[in-house]
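Fold and geometry: a report
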Number of protein chains: 2
Amino acid sequence: PWQRSTYDFFVPDKLREEMQKKMFAMQQQLPMPGTLPRLDHYFALFPLDTTNRKNTASFGYPSWMYKAMSSRNGRYFALRRLEGYRLTNENAVLSVVKDWKRVKNANIVSVHEMFTTREFGDSSLIFVYDYHPNSKTLLEQHPQANARYRGAQPVPEQVLWSYICQIANALKAIHSFNLAARCLEPSKIIVDKNRIRLAACSILDVVNFESNKRPVQELQMEDLVKFGKVILSLATATPMSRLDVSSALESLTPKYSTTLKEALTWLILPGPGEFKTIHSFIGGISNQLADFLDLAFHDRDEIYSQFARELENGRVARIMMKLAAINDREGVPGNPEWSNTGDRYQLKLFRDYVFHQVDAEGKPVLSIGHMLSCLNKLDAGTDELVMLISRDEKMVYVPSYRELKQMLDRSFNELVKLSKHGASGAN
Amino acid sequence: PWQRSTYDFFVPDKLREEMQKKMFAMQQQLPMPGTLPRLDHYFALFPLDTTNRKNTASFGYPSWMYKAMSSRNGRYFALRRLEGYRLTNENAVLSVVKDWKRVKNANIVSVHEMFTTREFGDSSLIFVYDYHPNSKTLLEQHPQANARYRGAQPVPEQVLWSYICQIANALKAIHSFNLAARCLEPSKIIVDKNRIRLAACSILDVVNFESNKRPVQELQMEDLVKFGKVILSLATATPMSRLDVSSALESLTPKYSTTLKEALTWLILPGPGEFKTIHSFIGGISNQLADFLDLAFHDRDEIYSQFARELENGRVARIMMKLAAINDREGVPGNPEWSNTGDRYQLKLFRDYVFHQVDAEGKPVLSIGHMLSCLNKLDAGTDELVMLISRDEKMVYVPSYRELKQMLDRSFNELVKLSKHGASGAN
Ligand SMILES: Nc1ncnc2c1ncn2[C@@H]1O[C@H](COP(=O)(O)OP(=O)(O)OP(=O)(O)O)[C@@H](O)[C@H]1O
Ligand SMILES: Nc1ncnc2c1ncn2[C@@H]1O[C@H](COP(=O)(O)OP(=O)(O)OP(=O)(O)O)[C@@H](O)[C@H]1O
Ligand SMILES: [Mg+2]
Ligand SMILES: [Mg+2]
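Residues numbered from 1 in each chain as written. Chains lettered and ligands numbered in written order. Predicted model: local features only at pLDDT ≥ 70, side-chain atom pairs only at ≥ 80, totals over all residues. Heavy atoms only, no water.

A word on the overall build of chain A. Looking only at helices and strands, chain A features 13 helices and ten strands. With respect to the principal axes defined by its C-alpha atoms, chain A has extents near 95 × 50 × 35 Å. A burial count over chain A gives 54% of its 427 residues as buried. In chain A, once contacts between residues fewer than 6 apart in sequence are set aside, the share between residues at least 24 apart is 63%. Across chain A, the centroid of the 54 positively charged side chains sits 4 Å from that of the 48 negatively charged ones. (Helix = DSSP H or I, 4+ residues; strand = E, 2+ residues; numbered from the N terminus. Buried < 20%, exposed > 50% of the residue type's maximum accessible area, 1.4 Å probe, protein only. Contact = heavy atoms within 4.5 Å. Lys, Arg positive; Asp, Glu negative; His and termini not counted. Charge placed at Lys NZ, Arg CZ, Asp CG, Glu CD.)

Right, dumping it as C-alpha cells:
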C-alpha cells in the first residue's frame, strides 16, 4: 500500500473522482443568485430536493432541503425547512437543540441549530444539519423499496447487514442519551457509498413537543420496530407504509438467510414479555458487527494509502509555487535584474532543466516523470548533482539539489522580506 | 469536514507528518549497502530489530526482522529470519503458506511466502510479511507490560478494549479458516497508532509441524487463553510468562471495570463445561464492538476529509506544471518567440498576475491565498474575467478564466505535439 511508480502520480482513480464530485456538488451555485433568500448568516441557498412534490408524510408539514454557506465560518450546512410551521413554544426548540447537540455519531447527521423565519413569505421552521455532499436517500439509492419498482433486483444481504450495523450504531447513541430517533424511514436516511446516516433527527421532537408527551422508553421501543421495518421494506421492495409484516417476513425465505429473518422478526414483532433494548439487539448481531468492522478498516486503509500518495503532490505543488514566484520575475525594488542574477540565475537554469527539456533536434521533451523526480529531489535536498547549462551554452553550473534548495529558500525569503505582509501559509 | 480556508492549505498537520515519517521509514537505507545479503528477489535489507539480544522465547530459535524491497514489483516487505533453523519437511512450508495466504484481515499482518537461505552463513528460514512502516510492538508501546517498568501509568481501559475488539476480529478470521494464531504475545503484535496487527502468524505452524500434531480446536482454545493473558499482562504490568492469573485478575479491581474483568476471566479460566469459541466471546463484547466501530468511522472520516483537501493540491500542482512548461520557454523549433506571442503572451501576463503581484511601491505581494484562488479558478475554467496588463503597461487584456484555460490547454497541446513522446501522465 505504500508503494507507487511515478506513472500513477496523476492517474485519476475512483476515490479521487468521488471526492472531486463532492467538491463540485458543494460549490454548486444557482445560476441566478438571489432567487432564494438569505436566512440570518446562511446565504447562497441551493435546493437539494429532487422533486417539487409537497410531501407531508414524514413531519405533517411539507419540507424542503437546501445547502447554504454560513457567513460566520465559511462552512456549508444542510437546512431543512418546515413550510408553514408556526412555532408556539420557544422552549421546545431550545431544549430539543440542547439534547441533540450532544449526540455525535458516525451514523447520524449532526444537528446544529433551529430557528424560525418569514423570509420565504410564510412562517417556516429551519433545522440546520451537517452537509454531506452528494448524498442520496436510501429510497433514491434503492428504488426497489418503492412500489413502482417491484420486481427489481433485491438488495444484497451483505448491504442490508451493513445498514443494520449502522442503524444499530446510531440508535445505540441516541438511546444512550435518553432520546429517540422517531423519524426512521428510507427517505430520511442518507447514504454515501456504503455509509448511511439518519438525516432527520430532532424534527419530530419539536413538532410533537406539546401534543405528544409519550415516555421516551415507548418511543425507543417504537424505534426498534421502525428499524426492522426500514430493512424489511428494502428487502421486500415494499414501501414501509404498505408493509404486511407477517407475510413480508415470510417472503424473506429463501432469498435471505434465516439469521436476517430472525433479526428482523425480533425487532418488529412483540417478544414474549421481554423488555427489548438496542443493547440486546446488538448482542445478537455481534458477529455481523465484527465482520463490518473489518470492512470499515479495509476501507480506511485504502483511503489512507491513497492519501499518502497524494501527499507527494502537495509537496511538489508547494515547491513549484516558490519556484514560480522567483523565476523570470521583473526585478525587485532597486534590482531590475534580480531574477537573472546570483542564485536566481541558477534557479532559472534549473527551471529550464526541469520543464524545458528538448531533444537533439530541439523538440520539447515533456516527461512528467522527469519533472516529478527533479522536484522531489529538490524538496528532499539530496546530494545528487545537476548539470545546468546556460541558454547560450557558455556557462555550466553543477550544484547539488541540496544547494539548489538553499538557493530557492534564500531567494524566496528575500522576496518575503521585501514584501510588506510576508507570505501567508508558505511553509 | 468539507471546508477549509486558504490559510490551512499548507499547514502541516499530524496526519501529514505521520505519513511523511512512514515514507521516510520506508525509504531508509543502510549507510553501507551490501552489509546484509540479497535474498533471492529481496534486496536492500534493513534491520528492524531495536536490540541485538538473541531471544528464543517466541519460536525456540532467535529471530530477526528486516525490511526489504522486492525486485519483482518494487514493493517493500517485512522479513522474519529464524536463525539456525534447518527445514526438514518442505511440505510443511507449502501447506502452511497455502493455508495462511487465504487469511486477509485488517488486524493480521498478511503472510506472503517462506523460504530457506544460506546467505547469512547459517541455515535460516525466512517468513515474508506485509511491511507496515513505523510500527512498534505492543511491548515497545507499553513498556508497562515489562516488569522493569512496574509502577508506570496503567494502560487506559478504552485502549485495552480497542485491543480486545481487534484481537477478537483477528482470531475470528483465523479460527474461521480452521487455523490458530498460536503465537499471541505483546512482543509479536505490532501497533500503529491505535491499530494493532498480529505479526507472527504461521511461524509456529511450520516450526511445530512435525512435533506437535495437536487438534486445531485445542490450539484455538489456547488462543483464547493467550488472548486473555496478553490483555491481563498489559493491564497489570506483568510479563505474560510471569502472570499469576488469579491474583492478577483480582488486582484489576478497582482500576478497571468489572465488565473487563469478566471478559478476561471468561477467556483465561476454564468455564463450567461450556465449549468456548471466539464467536461466543464476540457476542459478549458486542457493545464495545459497536463503540469501537463508531471510533473507526470517525478516524476514517477524518482521513477522508483531510484527503479531500489534499486533492486540491494535486489539481493545483498539475496546472502549475503545465504553466511552467510554457512560460518563458526559449522558443520551439521554427519559432524562437513562441513563448512571448499569441496565447503564450497572455499566459505569461497571467503568470505575472498570479505570482508576481507587487504593491504600489513595487514591493512583492506574496499571498498564497491569491495564488491558490487564481489557480483553482483556472482549473475550473470559470467565467470570471481577469485584467492582465503588459509589463510596459501599454496593453491590457481581459480574458475570462475559461479562455485562459483554453489557451493553456492549446499551448500545452502544441508542446505535446511537437514532442516526440507526448507527455506521460499529464492529464
Ligand atoms: N444532511 C444532508 N446533507 C446533504 N444532503 C442531504 C442531507 N439531508 C438530505 N439530503 C438530500 O436532500 C435531498 C432531499 O431530502 P428529503 O429528505 O427532502 O428527501 P425527499 O425524497 O425529498 O423526501 P420528502 O418527499 O419527504 O421531502 C435528498 O436527495 C437527500 O439525499
Ligand atoms: N510486519 C512488520 N512491518 C513493520 N515492522 C515490523 C513488522 N513486524 C515486526 N516489526 C517490527 O520489527 C521490530 C522487531 O520485531 P520483533 O518481533 O523481533 O520484536 P522484538 O522486540 O525484537 O522481539 P524478540 O525479542 O522476540 O525478537 C519491532 O519494532 C516491530 O515493531
Ligand atoms: Mg424533500
Ligand atoms: Mg527481534
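Continuing now.
A separate point is the sheet that holds strand 5 (residues 124-130) of chain B. All names here are of chain B. Sheet architecture is open: five strands sit in the order 1-2-3-5-4, paired in antiparallel fashion. Of all strands in the sheet, those bounded by a partner on one side alone are strand 1 (42-47) and strand 4 (111-117). Each strand axis lies, on average, 30° off the axis of its neighbour in the sheet, ignoring direction. With six bridges joining them, strand 3 (residues 76-82) and strand 5 adopt antiparallel strand pairing. Bridge assignment links leucine 79 to a residue of strand 5, and that residue is valine 128. (Pairing = 2+ DSSP bridges. Axes fitted to C-alpha atoms, helices over the stretch in contact; angles between N-to-C directions.)

Below, the discussion takes up the pairing of strand 8 (residues 195-198) of chain B. Residues and elements named next belong to chain B. Judged by which residues are buried, strand 8 turns out to be covered on both faces: Arg195 and Arg197 on one side and Ile196 and Leu198 on the other are all buried. With four bridges joining them, strand 7 (residues 189-192) and strand 8 adopt antiparallel strand pairing. Opposite isoleucine 189, over in strand 8, you have leucine 198 as the bridge partner. From the end of strand 7 to the start of strand 8, which pair antiparallel, there are two residues, and lysine 193 there has a positive phi angle of about 55°.

Residue and element names in this part refer to chain A. Taken together, 19 residues sit near ligand 1, with Asp49, Arg80, Asp130, Glu140 and Lys188 positioned nearest. The contact in question runs from a nitrogen atom of ligand 1 to an N or O atom on the backbone of histidine 132, over 3.0 Å. Between ligand 1 and the protein, one listed contact pairs an oxygen atom with a backbone N or O atom of threonine 137 at 3.4 Å. Computed on the free molecule, ligand 1 has an accessible area of 620 Å², of which 94% lies beneath the protein chains in the complex. Looking at the shell around ligand 1 residue by residue, the classes come out as six nonpolar, six polar and seven charged. (Near = heavy atom within 4 Å. Polar contact = N/O pair within 3.5 Å; in protein donor to acceptor, adjacent residues only side chain to side chain. Areas by Shrake-Rupley, 256 points an atom, 1.4 Å probe, with all protein chains shown as cover. Nonpolar A, V, L, I, M, F, W, Y, C, P; charged D, E, K, R; others polar.)

Next up on the list: the relation of the copies chain B and chain A. Relative to chain A, chain B is turned by 180° and slid 0.4 Å along the rotation axis, the superposed coordinates differing by an RMSD of 0.7 Å. Classification of the inter-copy transformation places it as that of a two-fold axis. Of the interface residues in chain B, 100% have counterparts in chain A that sit at the interface too, so the contact is made through matching surfaces. (Least-squares fit on C-alpha atoms with pLDDT ≥ 70 in both.)

Moving on to the interface of chain B and chain A. Each partner contributes residues to the interface: chain B has 94 residues there, and chain A has 96 residues. Both faces considered, chain B and chain A share a buried interface measuring about 9,100 Å² in area, 63% of it formed by carbon and sulfur atoms. Taken together, the links from chain B to chain A amount to ten salt bridges. Aspartate 301 of chain A serves as the salt-bridge partner of arginine 195 of chain B, at 2.8 Å between the closest nitrogen and oxygen. (Buried area = accessible area lost by both parts, 1.4 Å probe. Salt bridge = Lys/Arg side-chain N within 4 Å of Asp/Glu carboxyl O.)

The next point concerns the side chain of serine 70 of chain B. For serine 70 of chain B, the position within the fold is in strand 2 (residues 63-70). Looking at serine 70 of chain B, the relative accessible area reads 1%, which means it is buried.

Describing an aromatic ring pair means giving the distance of the ring centres and the angle of the ring planes. As enumerated under the stated definition, the model contains 23 aromatic pairs over all chains in all. Centre to centre, the rings of tryptophan 266 of chain A and phenylalanine 281 of chain A are 5.7 Å apart; their planes meet at 35°, and the pair counts as tilted. Remark: phenylalanine 281 of chain A occurs in helix 9 (residues 278-284) and tryptophan 266 of chain A occurs in helix 8 (residues 258-268); sequence separation between them is 15 residues. Look at tyrosine 345 of chain A and tyrosine 397 of chain A: their rings are 6.0 Å apart centre to centre, the planes differ by 70°, and that puts the pair in the edge-to-face class. A residue pair is termed long-range when its members are at least 10 positions apart, and tyrosine 345 of chain A in helix 11 (residues 342-355) and tyrosine 397 of chain A in strand 10 (residues 396-397) qualify at 52 residues. Grouped by ring-pair contacts, the aromatic residues Tyr42, Phe77 and Phe115 of chain A constitute a single cluster. The ring of phenylalanine 297 of chain A has arginine 195 of chain B sitting right over it, with the charged end atom 3.9 Å from the ring centre. (Phe/Tyr/Trp six-rings, centres within 6.5 Å; stacked < 30°, edge-to-face > 60°. Lys NZ or Arg CZ within 6 Å of the ring centre and 35° of its normal.)

With that settled, the discussion passes to the sheet that holds strand 6 (residues 136-137) of chain A. Residue and element names in this part refer to chain A. Taken in spatial order, the three strands make up an open sheet running 6-7-8, and their pairing is antiparallel. Every other strand in the sheet has two partners, leaving strand 6 and strand 8 (195-198) as the edge strands with one partner each. Of the pairings in the sheet, the one linking strand 6 to strand 7 (residues 189-192) comprises two bridges and is antiparallel in character. Bridge pairing links lysine 136 to valine 191 in strand 7.

This brings us to the site of ligand 2. Residues and elements named next belong to chain B. Looking at ligand 2, there are 19 residues lining it, with Asp49, Arg80, Asp130, Glu140 and Lys188 nearest. Contact distances for ligand 2 include 2.8 Å between an oxygen atom and a side-chain N or O atom of aspartate 49. Between ligand 2 and lysine 188, the relevant distance is 2.7 Å, taken from an oxygen atom to a side-chain nitrogen or oxygen of the residue. Contact with the protein chains covers 94% of the free accessible surface of ligand 2, which is 620 Å². Going through the elements one at a time, strand 3 and strand 6 (136-137) are the ones with two or more residues in the shell around ligand 2. Partitioning the shell around ligand 2 into residue classes produces six nonpolar, six polar and seven charged.

A few words on unusual backbone geometry. Trans is the common state for peptide bonds, and a negative phi is the common state for residues other than glycine. Residues and elements named next belong to chain A. Between threonine 253 and proline 254 the backbone carries a cis peptide bond, its omega angle lying at 0°. Despite not being glycine, arginine 182 shows a phi value in the positive range, around 65°. Owing to a relative accessible area of 10%, arginine 182 belongs among the buried residues under this scheme.

This part covers a nonpolar patch on the surface. Residues and elements named next belong to chain A. A cluster of nonpolar side chains, namely Leu385, Met387, Ile389, Val396 and Val398, defines an oily patch on the protein surface of about 470 Å² accessible area. Mapped onto the elements of the fold, valine 398 is located in the loop between strand 10 and helix 13 (401-418). The class for valine 398 is partly exposed, based on a relative accessible area of 47%. (Patch = residues over 30% accessible without salt bridge, like charges linked within 9 Å, V, L, I, M, F, W, Y side chains within 5 Å.)

Residues and elements named next belong to chain A. One can find arginine 81 in strand 3 (residues 76-82). For arginine 81, a relative accessible area of 8% translates into the label buried. There is a polar contact of 3.4 Å between the side chain of arginine 81 and the side chain of tyrosine 66. Here aspartate 122 takes part through its side chain, which lies 3.1 Å from a polar atom of the side chain of arginine 81. The contacts of arginine 81, once residues within four sequence positions are left out, are Pro62, Ser63, Trp64, Tyr66, Phe120, Asp122, Ser124, Leu125 and Ile126.

Structural measurements only, silent on function.
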